[in-house]
Amino acid sequence: MIPYIPNTKEDQKRMLEEIGVESIDDLFESIPKNLWLKTENNLPSSLSEMELINKMRELSKKNVSLDEYVSFLGAGSYDHFIPAVVNHLSARSEFYTSYTPYQAEASQGTLQAIYEYQSLISQLFKMDVSNASLYDGATALAEAVILAHNVNHRQKVLLAKTIHPEYRQVITTYIEKTLGLSVVEIGYKDGITDLAKLRERIDEDTSCVVVQNPNFFGCLEEVNEIEEIAHKSGSLYIVSVDPVSLGLLIPPGEYNADVAVGEGQALGNHLNFGGPYLGIFTCKKEFLRKMPGRIVGETTDKKGERGFVLALQTREQHIRREKATSNICTNHNLNALRAAVYLTALGEEGLRKVANLCLQKGHYAARRICQIPGFELVFTGPFFKEFSVKCPISPDKINKLLWESKIIGGFDLGKFYPELEDSLLLCVTEKRTREEIDKLILSLEKMI
Amino acid sequence: MYPEDLKYTETHEWIRVDKDIGTVGITDFAVEELTDIVYVELPSAGGKVIKGSSFGTIESVKAVSDLNSPVSGEVLEVNEELSRKPEIITQDPYSKGWMIKIKIEDLTELDTLMDAEKYKEWVEKEEEH
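Residues numbered from 1 in each chain as written. Chains lettered and ligands numbered in written order. Predicted model: local features only at pLDDT ≥ 70, side-chain atom pairs only at ≥ 80, totals over all residues. Heavy atoms only, no water.

Undergrad: Which residues make up the overall build of chain A, and what values do they have?
TA: Assigned secondary structure in chain A consists of 13 helices and 17 strands. The C-alpha radius of gyration of chain A comes to 25 Å, within 12% of the 22 Å expected for a compact globule of 448 residues. Principal-axis analysis of the C-alpha atoms gives chain A an extent of 75 × 55 × 50 Å. Counting only residues that meet the buried cut, chain A has 50% of its 448 residues in that class. Surface accessibility of chain A: about 23,100 Å² in total, with carbon and sulfur atoms responsible for 53%. Across chain A, 50 positive and 60 negative side-chain charges occur, with their mean positions spaced 1 Å apart. (Helix = DSSP H or I, 4+ residues; strand = E, 2+ residues; numbered from the N terminus. Rg over C-alpha atoms; globule rule 2.2 N^0.38 Å. Buried < 20%, exposed > 50% of the residue type's maximum accessible area, 1.4 Å probe, protein only. Areas by Shrake-Rupley, 256 points an atom, 1.4 Å probe, with all protein chains shown as cover. Lys, Arg positive; Asp, Glu negative; His and termini not counted. Charge placed at Lys NZ, Arg CZ, Asp CG, Glu CD.)

Structure (structure tokens):
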């Protein structure tokens, strides 16, 4: 291919001369010699553009596509339907290629889109304020925990064991070493947080109580009771929610959450091989100045006309350096834009329909699976679109067999919960048709 | 501009001492440097403050700055009005714009602070930079 960034021997020689070193190797002097690669890089020779395209096409055939496979896998990433208008609008070059909107006078479209996103999310979550988004649900949750510590300076963090296990790992990575906070995990009982255990562990040094609703097992937590327990000890109440579930479930603002976050991928974003995703972050107004990330505000220009700017930037890293509220002062703008277009296209009624379809289809699938001998629900409480199933054969084997019928099975809960080693977490979104669910049932029946 | 009865820190806070109780605010010079003050965050009464450490933050349209305590001790009272009307600090930094009252732990800490004359020299030096 054409070397788009030419770096000739002559160029190299001139650059080395200019800075006064003999060879390129001299530039790496400060790296201990034992860490140097001893052998040559074993790379193939360069390809022509045509050869490269063929090569990439071959490689991409190793992927399976959701156009071909039917997925019952959720556990944090969800296969919801995306209306064509989402792709169409978010792919417009005005949005797609624009740089971060530091210059308000040149970025009104992007700024207004973020403002709309913030307004939609605040409405959906019934929370006072939303930021312009963070990287994903896991980091948003970790940032929420940091916010709580910055507010009350307490040292202990109570995490429900029913939170996505990888989210819990991210939180621990974020706070244990750097801030020295201690993490205590609260066990579960019949699939939801054990309130007795929570009452036992909470104290005056508890910075925050963190739960996920619906939780990782798909079950609905007792959000009102947990609120009471958290606030009684003066701790902040942090909730991570599935935004799609808010088409039906009570929003976190209505059960007095202090900070509510969520993974926004489900709102108009593809699975994207696991990322980039969308970190939704909302909180009460009183914590506005502790909120991480950027915020777009509405203002008037000198002619008195409505306009939009980045607001409260003084909290951010490029101004406040190490004392910033967070290391993050950017956002996942294209993902946020897609969420905004998705929510606008669906409207309140549309989102309620999507949520209701997930609920109905999920329950249909669960009922049918439990009719197969040996299969039963692990937990008895209410669930939304995901549910945990105890299986008569190993989940790993089930998934392998389903794969052969072009079905992507569930999440093997034993990976993170040894006590649930025979259980699968299945997900049914509005995209799953009755035929697809019946095909899953049939495949499972054949295994017995 | 810098009242005689106050003591001053290098980071532009003042303290007025009455027996073992100190009232703390920021100086006229700090107010001018900050320009429009939009928000002030203060600790809660009952909390501890440490000499030279941050007891709160002040936000202007330009930046967020730390407020540093001139002495160590317990916070007795906080000027709650400032959270709603931070402009009071600009209008009257030495009186109505007070921020916190501290029960001073060790009165000898006051000896390390500057008097009005020394503080004036300090400010003039800062302005040269």
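That was the structure; now back to the text.
Undergrad: Give me the lowdown on empty space enclosed by the protein, citing residues and values where you can.
TA: Residue and element names in this part refer to chain A. What the rule picks out here adds up to 4 cavities of 30 Å³ or more. By volume, the largest cavity is sized at about 200 Å³. Surrounding the largest cavity, 18 residues form its lining, Tyr78, Gln212, Pro214, Val241 and Asp242 being those nearest its centre. Looking at the lining of the largest cavity, the elements that each hand over two or more residues are strand S8 (236–241) and strand S9 (259–263). Considering only residue class, the lining of the largest cavity consists of 7 nonpolar, 7 polar and 4 charged. (1 Å grid on protein atoms, 1.4 Å probe; cavity = no way out; pocket = protein on both sides within 12 Å on 5 of 7 lines; lining within 4 Å. Points joined across faces, edges and corners; volume = space filled by probe spheres on them. Nonpolar A, V, L, I, M, F, W, Y, C, P; charged D, E, K, R; others polar.)

Undergrad: Now, about the layout of surface pockets: what can you tell me, with residues and values included?
TA: When its volume is computed, the largest pocket comes out at roughly 1,700 Å³. Lining the largest pocket are 49 residues, and of these Asn150(A), Val151(A), His153(A), Lys290(A) and Glu41(B) sit closest to its centre. Taken together, the elements giving at least two residues each to the lining of the largest pocket come down to helix H6 (137–152) of chain A together with strand S4 (37–41), strand S5 (48–49), strand S6 (54–60), strand S7 (64–68) and helix H2 (81–84) of chain B. Across the lining of the largest pocket, the residue classes break down as 18 nonpolar, 16 polar and 15 charged. Looking at the second largest pocket, its volume works out to about 1,100 Å³. Forming the boundary of the second largest pocket are 36 residues, of which Ser77(A), Leu271(A), Asn272(A), Phe273(A) and Tyr277(A) lie nearest the centre. Every element with two or more residues in the lining of the second largest pocket is listed here: H6 and helix H7 (165–175) of chain A.

Undergrad: Give a description of the packing of aromatic side chains that names residues and reports values.
TA: Scanning all chains against the criterion turns up 17 aromatic pairs over all chains. Each ring, one from Tyr188(A) and one from Phe379(A), has its centre 6.1 Å from the other, and the planes form 90 degrees; the classification is edge-to-face. Remark: Phe379(A) occurs in the loop between strand S13 (376–377) and strand S14 (386–390) and Tyr188(A) occurs in strand S5 (residues 188–189); sequence separation between them is 191 residues. Assessed through its relative accessible area of 9%, Phe379(A) is described here as buried. Here the aromatic rings of Phe383(A) and Phe387(A) are separated by 5.3 Å at their centres, their planes lie at 45 degrees, and the arrangement is tilted. A relative accessible area of 8% places Phe383(A) in the buried class. Phe387(A) sits in the buried class, given a relative accessible area of 2%. Through a chain of ring-to-ring contacts, the aromatic side chains of Tyr188(A), Phe216(A), Phe217(A), Phe379(A), Phe411(A), Phe416(A) and Tyr417(A) assemble into a single cluster. Geometry around Tyr39(B) places Arg289(A) over its ring, the cationic atom sitting 3.8 Å from the centre. Positioned over the ring face of Tyr78(A) is Lys385(A), at 3.8 Å from the centre of the ring. (Phe/Tyr/Trp six-rings, centres within 6.5 Å; stacked < 30°, edge-to-face > 60°. Lys NZ or Arg CZ within 6 Å of the ring centre and 35° of its normal.)

Undergrad: With reference to specific residues and values, describe the sheet that holds strand S3 (residues 21–26) of chain B.
TA: Strand pairs in the sheet, formed through backbone hydrogen bonds, run parallel or antiparallel to each other. All names here are of chain B. If you trace the 6 strands from one edge of the open sheet to the other, you get S1-S2-S3-S9-S8-S5, paired in antiparallel fashion. Each edge of the open sheet carries a strand with a single partner, namely strand S1 (7–8) and S5. Inspection of the sheet shows S3 paired to strand S9 (residues 100–104) by 4 bridges, in the antiparallel sense. Bridged to valine 24 within S9 is isoleucine 100. (Pairing = 2+ DSSP bridges.)

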